[in-house]
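# Coordinate inspection notes
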Amino acid sequence: MRTLWTTLALAAVGSAALATEYFVAPDGQDGNAGTQAAPFRTLARAGLALQPGDTLTVRGGVYRETLSLARSGSAGQPITVRAAAGEQVTVTGADALTDWRQEANGTWSAPFDAPQADQIQLFDGAQPLREVTWPKGGADPLHPAWAKMTAGGATTITDPSLTGDADHWRGALLFMPSGYAWICQSRTVTAYDPATHTLTFDPPLPDAFYTPKKDNEYRLIGAPGEALASGEWRYDAAAKRVALRLADGAKPSDRAIEAKRRVWAVDLAGRQHVRLLGLGFRAAGLRTDGASANLVLDGLRGEWLGHNLRNDAEGAVVIAGQGHSVRNCSFRWSSSSVMRASGRGHRIENNLIECGNYGGKWQGVVALSGRDIVFAWNTVRDAGRDVLSIHHLTESRIVHNDLSHAGWLTADLGMTYGHNTDFGGTEIAWNRVHENEAAHTQMGIYFDHCSHNVIVHHNAIWGVRGDAIRFNNPGSYLLAYHNSCWHTGAISTFDHSHRNDLLGTRYQNNIVNAPIKLPEHCIVAPNLVSAEPPYADATKGLFTLTGAPAEPKPVMLAGVTTGGQPYFGAYQPGAEPWRAGHDFAHPPAPEAAWQPATMVGANRLRNANFELGTIEGWTKLGDGEATCVKGNGWGNKVYGDGRDEPLGTSLQELRLSGAAGVEQTVTGLTPGQAYRLTGWLKVSEGAKATLSVAGQSVEVSQAAWTRQTIEFTAPADGQVVVSIRKSAGEGYAWADVLGLT
């Protein structure tokens, strides 16, 4: 007699046996059975057939469609879509242009009804063609030719080198890193005055940070009166035709001229337990969404993923949802981020990701947000602005990456950049960070206002004229240990409201090239300060020390100094130098997941700033509500509630009503060791709040944010309970930015 377990086991074996391998090929037919001898023609047809456990083998060729699946796989039976061994597969978002008509002056035109008017892109084979642009020239979208304005304002720019009649530039896109050049602005030219050589644009740019001014660079794209150079095109929206000029009198009909029609080459929105192996895609991106889970992307190749010079491009490699693995992939070229990752539990390892944000907007080549992300062993390079943006990333690891060449189009930026974020003990370590190309205000690893709880250790940073590691204030529990710097600038901080608050910030055992100038409450010693440290060969990226002065002496930093002896810098003496960046020939082993930090100086509280949007990590106490409410941003006039406040609470802050409270148990403290609890609290009129730990309390009755501090000694069991309580009655109490170190 069969048992239940025997029946289930046999059912599982039977299900696996029923798994089918389908085939698709450019010379197949969708009426076929999808076998190797009779393959399907389209990915769409194959996507309808695939069931959990099935495999689709894609034969080499070009597929002008979007790869999507009618259903998900399952945990034990993923759906696999793979390129045939040794064959190159390309899924493209572009279609061929036909019915070319010869026009005057060596140009040709073809009908084209653009589905996304702000995302038009033409290709000659795999290479993009340039929309008509002035001035001419430039190697690629990250290195264009620029003109320079002699004057600018909220709605105008002036340049005596501009020519043409009143209609020559009307309707063109004015593209400019204007004002302080933080980002590239995109505006439509509405008028041109030939007498004064002045362009009028809309919408206005009244903000002084962005208003065009003398010597700002700019270029004009798509002008109706500008002659087409070889390899340039122009779109006529009214006629729904595209005009093109090729070199040497070539005919478009003799070339593979294509136009972008689809935003997504691969759409896995809502799909789970799917593996994509060895596929290529072009002229469109790859999409997942919040409902996607447990996807594997391995050995993919993607280029020209998204194009939009007016706004952030929609197309890119979008990693959302939870539990995805992206490895051994090569992704390149997007006007916005090449990759945007959000959600939870992703592993992004051993990839080459390059040439992003040629639209010069806010995001990096890679934009990481979310929680429990492992970003490791990647090479990320060549950015219009930051290489890696990490706003709203928490409890994650960024390790063993090679990050280079930021700032080709904009200024005042970092190789990595984040702000207004509780990073929740995120670790940034064993990375090589180098060559910030921005014209001014170059930073290496850059944390702007209201950054908290991050650990930066064992990184090599060079070719950065500004701060190697910059912590702007206010911020808290920002740790920089064991980093090696070369050809970098002085380290300082800034706040629009001059609060100079960097509680818990520490710089120790680093090799820096200029003095560290931070508030007195920061710990900034010991560090080796030298313009030219005695590295083995810095010009070749060899940053092991060949000697060091007798003073100062490094110190042992519990939980971060490797080996048995203290040392300065990122490389332990006598140990094999660590590596960084991708290696397709020898893929590295997977990195460990993030764990709460226990090293010296690390904040031992979880969700200490309530930026998770819930009270996760805390236990609710008493009657009333304990909720997260909207924060005040940076807490100043630049980004906040319109007034300067003692504290910036970023996106969320804790609010208590009634007699509610919250508490959190902290374990693993060293018995007998001194610790300090700090937190910001305020109350409404007539209310009171109490912050407590280890039998000690402080009471708050102030209506303005005030920082409270309790010093205590860890008990014998190394465990304490931190609590925040509101007194019973009307009104509210608020709390934010807590720390226990």
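Residues numbered from 1 in each chain as written. Predicted model: local features only at pLDDT ≥ 70, side-chain atom pairs only at ≥ 80, totals over all residues. Heavy atoms only, no water.

## Let's talk about the packing of aromatic side chains
Tallied over the full model, the rule gives 25 aromatic pairs. Between Y417 and Y446, the ring centres sit 5.0 Å apart and the planes meet at 70 degrees, which makes this aromatic pair edge-to-face. With Y417 in strand β46 (residues 413–418) and Y446 in strand β49 (residues 442–447), the pair connects residues that are 29 residues apart, well separated along the chain. Of the two residues examined, Y417 and Y446, each falls in the buried class. Summarising the aromatic geometry, the rings of W634 and Y639 are spaced 5.6 Å apart at their centres and angled 90 degrees between planes, so their arrangement reads as edge-to-face. On the basis of relative accessible area, Y639 is assigned to the partly exposed category, the value being 36%. Three or more aromatic residues joined by ring pairs form one cluster here, namely Y180, W182, F209 and Y210. A cation over a ring is seen here: K213 above Y180, with NZ or CZ 4.6 Å from the ring centre. The aromatic ring of W734 is capped on one face by K682, whose charged end is 5.1 Å from the ring centroid. (Phe/Tyr/Trp six-rings, centres within 6.5 Å; stacked < 30°, edge-to-face > 60°. Helix = DSSP H or I, 4+ residues; strand = E, 2+ residues; numbered from the N terminus. Buried < 20%, exposed > 50% of the residue type's maximum accessible area, 1.4 Å probe, protein only. Lys NZ or Arg CZ within 6 Å of the ring centre and 35° of its normal.)

## Quick word on the sheet that holds strand β66 (residues 696–700)
Strand order in the open sheet formed by five strands is β60-β63-β68-β65-β66, with antiparallel pairing between adjacent strands. Taken across any chain shown, the strands that pair with only one partner, and hence form the sheet edges, are β60 (619–621) and β66. The sheet shows a mean angle of 20 degrees between the axes of neighbouring strands, taken without regard to direction. With five bridges joining them, strand β65 (residues 689–693) and strand β68 (residues 720–726) adopt antiparallel strand pairing. By the bridge assignment for β68, A689 is matched with K726. (Pairing = 2+ DSSP bridges. Axes fitted to C-alpha atoms, helices over the stretch in contact; angles between N-to-C directions.)

## Looking at the side chain of Q508
Tracing the chain through its elements places Q508 in strand β55 (residues 506–508). Looking at Q508, the relative accessible area reads 6%, which means it is buried. Among the polar contacts listed, one links the side chain of Q508 to the side chain of R506, at a separation of 2.9 Å. Each residue touching Q508, except ones within four places of it in the same chain, is listed here: A480, Y481, H482, I523, A525, P526, N527, V555 and L557. (Polar contact = N/O pair within 3.5 Å; in protein donor to acceptor, adjacent residues only side chain to side chain. Contact = heavy atoms within 4.5 Å.)

## Regarding the pattern of salt bridges
Per the counting criterion, the structure on display carries 32 salt bridges. The residue R371 makes a salt bridge to E616 at a minimum N-O spacing of 2.5 Å. With a gap of 245 residues between them, R371 in strand β39 (residues 370–371) and E616 in the loop between β59 (542–545) and β60 connect regions that are remote in the sequence. Judged by relative accessible area, which is 10%, R371 ranks as buried. Classification of E616 as partly exposed rests on a relative accessible area of 37%. One salt bridge connects R707 with D501, and the closest N-O pair in it is separated by 2.9 Å. Taken together, the residues R707 in strand β67 (residues 706–713) and D501 in the loop between β54 (484–489) and β55 connect sequence positions 206 residues apart. In this structure D501 comes out as buried when scored by relative accessible area, which is 12%. The network of salt bridges with common partners includes R130, K136, E226 and E232. (Salt bridge = Lys/Arg side-chain N within 4 Å of Asp/Glu carboxyl O.)

## Remarks on a nonpolar patch on the surface
Together, V638, Y639 and L651 line one region of the surface with nonpolar side chains, adding up to about 240 Å² of accessible area. Inspection of the secondary structure assignment puts Y639 in the loop between β61 (626–633) and β62 (650–657). (Patch = residues over 30% accessible without salt bridge, like charges linked within 9 Å, V, L, I, M, F, W, Y side chains within 5 Å. Areas by Shrake-Rupley, 256 points an atom, 1.4 Å probe, with all protein chains shown as cover.)

## Observations regarding the environment of G640
Mapping G640 onto the fold places it in the loop between β61 and β62. On the basis of relative accessible area, G640 is assigned to the partly exposed category, the value being 38%. As a C-alpha pair, G640 and E354 span 286 residues in sequence and 34 Å in three-dimensional space. In contact with G640, not counting residues within four places along its chain, are N632 and G635.

## Comments concerning the sheet that holds strand β35 (residues 339–341)
Sheet architecture is open: ten strands sit in the order β4-β26-β29-β32-β35-β38-β42-β46-β49-β52, paired in parallel fashion. Where the open sheet ends on each side, the last strands, each with one partner, are β4 (67–68) and β52 (469–471). In the sheet, β4 pairs with strand β26 (residues 264–267) via two bridges, with the strands oriented parallel. When the bridges of β26 are listed, L67 appears paired with V266.

## Quick notes on the environment of P519
Within the secondary structure, P519 is located in the loop between β56 (511–512) and β57 (528–529). Looking at P519, the relative accessible area reads 15%, which means it is buried. Discounting residues that sit within four places of it in the chain, P519 has contacts with T493, N500 and L502.

## Let's talk about the pairing of strand β69 (residues 732–740)
Burial of β69 is extensive: eight of the nine residues sit out of reach of the surface. As judged from the four bridges shared by β62 and β69, these two strands associate in the antiparallel manner. Bridge pairing in β69 places L656 opposite A733. Where strand β64 (residues 674–683) lies against β69, six bridges are found, and the strand directions are antiparallel. From the neighbouring strand, K682 faces β69, where its bridge partner is W734.

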